[in-house]
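# Structure assessment
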Amino acid sequence: MDTSVIPPTLASHLPTTLLIDGEWGASSTRTTFEVSNPATEESLFDVSDASPADGLRALDAAAGAAAQWRTTPPRVRSDVLREVFDVITVRAADIAALITAECGKPFAESQAEVAYGAEFIRWYSEQAVRSPGLVRTAPAGTGTQLVRSRPVGPALLITPWNFPLAMVTRKIAPALAAGCTVVIKPARLTPLTTLYVAEIVREALASRGLPAGVINVVPTSSSGAVTEPILADPRLRKLSFTGSTQVGQGLLRAAATGVLRTSMELGGNAPFLVFADADLDAAVSGAMTAKMRNSGQTCVAANRFLVEASVAEEFTERLRAAFDALVVGDGSVPDVTVGPLIEAAAVDKVDAAVQQAVDDGARVRIGGSAPSGTGHFYLPTVLSDVSPESVVVTEETFGPVAPVVTFGSEEEALQLANGTEYGLVAYAYTRDLGRAMRLTEEIEAGMIGINRGLVSDASAPFGGLKHSGLGREGGEAGIEEYLETVYVAM
Ligand code: SIN
């Protein structure tokens, strides 16, 4: 095993088993699965592989702790979260090294993820004490209406591999703040950061004598086998999932049986619109952020660049030059700005999309292939003259590829932008305020960046329209996903 990129103090204390009811332990089958570094392809750790029975034991623990946790004073829940925020912040460098080791992103990006992920914990430590409610006289004067909130109950949280910290904290923080207990099923490819953070939460609970079953973690290599029995169990009341639309649709079908509350953050196909009146320097800088975070492996990655024809060549050339300045390599090496993709299959998928675009007539301006050697790398790629029908435009690429498609009018730009079943995020660069306001009304996306290449913020409602999902994470809306409303007529 090569744990050399993980600080030794962390490597020697890193839990690699299941957390159920406050106890770390092996899976019932005693089996493990390997977690490896996508830059070196070397093994990092063997992690306990939860079985379906382990999943149900975790739900037993979450259900058993539910009554005590929901009646734990909000201020105490808030204090637990605040302590977790403080510990994550103190250990930020170690956690960032762990993220880079298992996910591959450059260390500076991992540090940014730690700050982003920790902020969800801080935000919800502050929201925990602001439970929404309402008292008013009924309009007919016939009585009083009391509207109050209650935690929805035990929640299953299924997290993706692309932000091993932030996608977990984005779910556990509002859940715990609302008074829900949780079972976390982390991504098979990146469970280590989740396990580390779960230990921080466990310690914060244990030091206050709070119930151990509030947080449970079941890493597994066979996701469906473990989550299906949990979803079928009537004690579960909430499912939160981040991942592909296809998997999300299957989970929604499973959640229908128990009529579960669901939050689904699914796939995207973000358009990045550049109008002729845009500040092109700002547009290129925003494009680099929107495209290259985590080598393009984010649901909010700009997937297609829609550029007004009169500035298309200039924008494409400037983007090519910016891509040329990137340094591809192992994210733990200083100065590297683009890490690997998560696994070999991801490289194959990206390359197939690029080659198909070229077959459809696209021109490779830079990149366009996977470098030879160790690691799951793909060269940052800019394509021009891309057909709007090419897969690299119609499907989420999840890689460092920027296809440029041109448009002639605002109307055409909108048609292209909305011509997808997805609706997570859109970006637009223009100096025309009237146009910007029209776009915010017309673009079919749950989030819109105007002259901004990054919309993600723990205090803002993150989520999509159409096939991109249901519900919101972050901000005031995020905690409501874990609360149910009870109306009392008095
Ligand atoms: C995602 O890729 O699912 C989330 C990205 C973000 O929060 O910025």
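Attention here is on the structure that accompanies the text.

Rules and cut-offs
- Throughout, residues of each chain are indexed from 1 in the direction in which the sequence is written.
- Restriction of local features to residues with pLDDT of at least 70 applies here, the model being predicted, together with a cutoff of 80 or more for giving and counting side-chain atom pairs; totals for whole chains, interfaces and linings are based on all residues.
- Note that water and hydrogens are dropped before the side-chain values are worked out from all heavy atoms of the structure.
- Here the nonpolar core consists of buried residues drawn from Ala, Val, Leu, Ile, Met, Phe, Trp, Tyr and Cys, with membership extended through side-chain atoms lying within 4.5 Å.
- We call a residue buried when its accessible area falls under 20% of the maximum for its residue type, exposed when it is over 50%, and partly exposed in between, using a 1.4 Å probe and counting protein chains only.
- Contact definition: two residues touch when any of their heavy atoms are within 4.5 Å.
- We count a salt bridge whenever a side-chain nitrogen from Lys or Arg sits within 4 Å of a carboxyl oxygen from Asp or Glu.
- Strands here mean DSSP runs of E at least two residues long; helices mean DSSP runs of H or I at least four residues long; both are numbered from the N terminus.
- We call a residue near a molecule or strand whenever a single non-hydrogen atom of that residue lies within 4 Å of it.
- Polar contacts here mean pairs of N or O atoms no more than 3.5 Å apart (in protein, one a potential hydrogen donor and the other a potential acceptor; neighbouring residues in sequence count only if both atoms are side-chain atoms).
- We get accessible surface area from the Shrake-Rupley algorithm with a probe of 1.4 Å; when it comes to residues, only the shown protein chains can shield them.
- Paired strands are those between which DSSP finds at least two bridges.
- Between the first and last residue of a helix there are one fewer steps than residues, each counted as 1.5 Å, and that sum is the expected span.
- Think of it this way: the bend at a residue is just the angle between two axes, each fitted to seven residues, one set ending at that residue and the other starting at it.
- Fitting a line to C-alpha atoms yields each axis, with helices limited to the stretch in contact; the angle taken between N-to-C directions then spans 0 to 180 degrees.
- In these notes the angle categories are as follows: under 35 degrees is roughly parallel, over 145 is roughly antiparallel, 65 to 115 is roughly perpendicular, and the rest is oblique.
- Here is the rule for handedness: rotate from the far helix to the near one, and if that takes an anticlockwise turn smaller than a right angle the crossing is left-handed, while a clockwise turn gives right-handed.
- Classes in brief: Ala, Val, Leu, Ile, Met, Phe, Trp, Tyr, Cys and Pro nonpolar; Asp, Glu, Lys and Arg charged; the others, Gly included, polar.
- Look down the strands so they point away from you; if the path from the first strand over the helix to the second goes clockwise, the crossover is right-handed.

Quick look at the nonpolar core now. By size, the foremost hydrophobic cluster in this structure holds 132 residues, and its most contacted members are Ile 88, Ile 172 and Phe 315. With residues near it in sequence (within four places) discarded, Ile 172 still touches Ile 121, Leu 157, Val 182, Ile 184, Val 197, Val 201 and Ile 215. The next biggest cluster of nonpolar side chains, apart from the first, holds 22 residues, and it includes Ala 50, Val 218, Leu 239 and Phe 241.

In this section: the pattern of salt bridges. Applying the stated criterion across every chain, the model contains 25 salt bridges. In this structure, Asp 54 engages Arg 57 in a salt bridge whose closest nitrogen and oxygen atoms are separated by 3.0 Å. Note that Asp 54 and Arg 57 are positioned in helix H2 (residues 52-70) at a spacing of 3 residues, about one turn of the helix. The buried category is assigned to Asp 54, whose relative accessible area is 0%. A salt bridge links Arg 235 to Asp 60, with the nearest nitrogen and oxygen atoms 2.8 Å apart. One end of the pair, Arg 235, is in the loop between helix H8 (223-231) and strand S10 (238-242); the other, Asp 60, is in helix H2, with 175 residues separating them in the sequence. Residue Arg 235 is classed as partly exposed on the basis of its relative accessible area, which comes to 33%. Of the residues examined, Asp 60 reaches a relative accessible area of 39% and is grouped as partly exposed. Here the salt bridges do not stand alone but share partners, grouping Glu 313, Glu 317, Arg 320, Asp 324 and Arg 365 into one network.

All right, on to the site of the ligand then. In the vicinity of the ligand there are 13 residues, among which Tyr 116, Glu 265, Arg 293, Cys 299 and Ser 456 approach most closely. Contact between the ligand and Arg 293: an oxygen atom at 2.9 Å from a side-chain N or O atom of the residue. Protein coverage of the free-state accessible area of the ligand, which is 260 Å², stands at 100%.

This brings us to unusual backbone geometry. We note that Phe 398 has phi near 55°; this positive angle belongs to a residue other than glycine. Along the chain, Phe 398 falls in the loop between helix H13 (391-394) and strand S16 (401-407).

Moving on: the pairing of strand S5 (residues 133-137). Regular strands place their side chains on alternate faces of the sheet. With 0 of 5 residues buried, S5 lies mostly on the surface of the structure. Alignment of S5 against strand S6 (residues 144-151), held across 5 bridges, turns out to be antiparallel. The partner of Arg 136 across the bridge, within S6, is Gln 145. In textbook terms, the turn of a hairpin is the stretch between consecutive antiparallel strands, and for S5 and S6 this stretch comprises 6 residues, one of which, Gly 141, has a positive phi near 75°.

This paragraph deals with H2. Between its first and last C-alpha, H2 extends 26 Å over 19 residues, near the 27 Å set by a 1.5 Å rise per residue. If you look at H2, its biggest bend is around 30°, right at Gly 64. What H2 keeps buried is the set Asp 54, Gly 55, Ala 58, Leu 59, Ala 61, Ala 62, Ala 65, Ala 66 and Trp 69.

Turning our eyes to something else, we now look at the packing of helix H10 (residues 280-292) against helix H11 (residues 309-324). Contact geometry for H10 and H11: axes closest at 10 Å, N-to-C directions at 55°. Comparing the axis directions of H10 and H11 gives the class oblique. Relative to H11, the crossing made by H10 is right-handed. Of the residues in H11, those in contact with Leu 280, Asp 281, Ala 283, Val 284, Ala 287, Met 288, Lys 291 and Met 292 of H10 are Val 311, Glu 314, Phe 315, Arg 318, Leu 319, Ala 322 and Phe 323. Here the contact of H10 with H11 is built from residues that sort into 11 nonpolar, no polar and 4 charged.

Attention shifts here to the sheet that holds S5. As summarised here, the arrangement of the 3 strands in space is S5-S6-S22, forming an open sheet in which the pairing is antiparallel. Each end of this open sheet is capped by a strand with a single partner; those strands are S5 and strand S22 (483-489). On average, each strand axis in the sheet is tilted by 15° relative to the strand beside it, whichever way the strands run.

Side chains of strand S8 (residues 182-185) alternate between two faces, with Val 182 and Ile 184 and Val 183 and Lys 185 buried alike. Running through helix H6 (residues 166-178), the crossover from strand S7 (residues 155-158) to the neighbouring parallel element S8 is right-handed. By the bridge criterion, 3 bridges tie S8 to strand S9 (residues 215-217) in an arrangement that is parallel. For Ile 184, the partnering residue across the bridge sits in S9 and is Val 217. In this fold, the crossover linking S8 to S9 by way of helix H7 (residues 192-206) has right-handed handedness.

The next subject is the side chain of Asn 162. On the secondary structure map, Asn 162 appears in the loop between S7 and H6. At 3.1 Å, the side chain of Asn 162 forms a polar contact with the backbone oxygen of Gln 297. When neighbours within four sequence positions are excluded, Asn 162 is seen to be in contact with Cys 103, Lys 105, Glu 113, Met 167, Asn 294, Gln 297, Thr 298, Cys 299 and Phe 398.

Structurally, the position occupied by Ala 413 is in helix H14 (residues 410-418). Residue Ala 413 is classed as buried on the basis of its relative accessible area, which comes to 0%. A sequence separation of 405 residues divides Ala 413 from Pro 8, and the C-alpha atoms of the two residues are 52 Å apart. Sequence-distant contacts of Ala 413, that is, excluding residues within four places in its chain, are made with Leu 273, Phe 275, Leu 306 and Phe 407.

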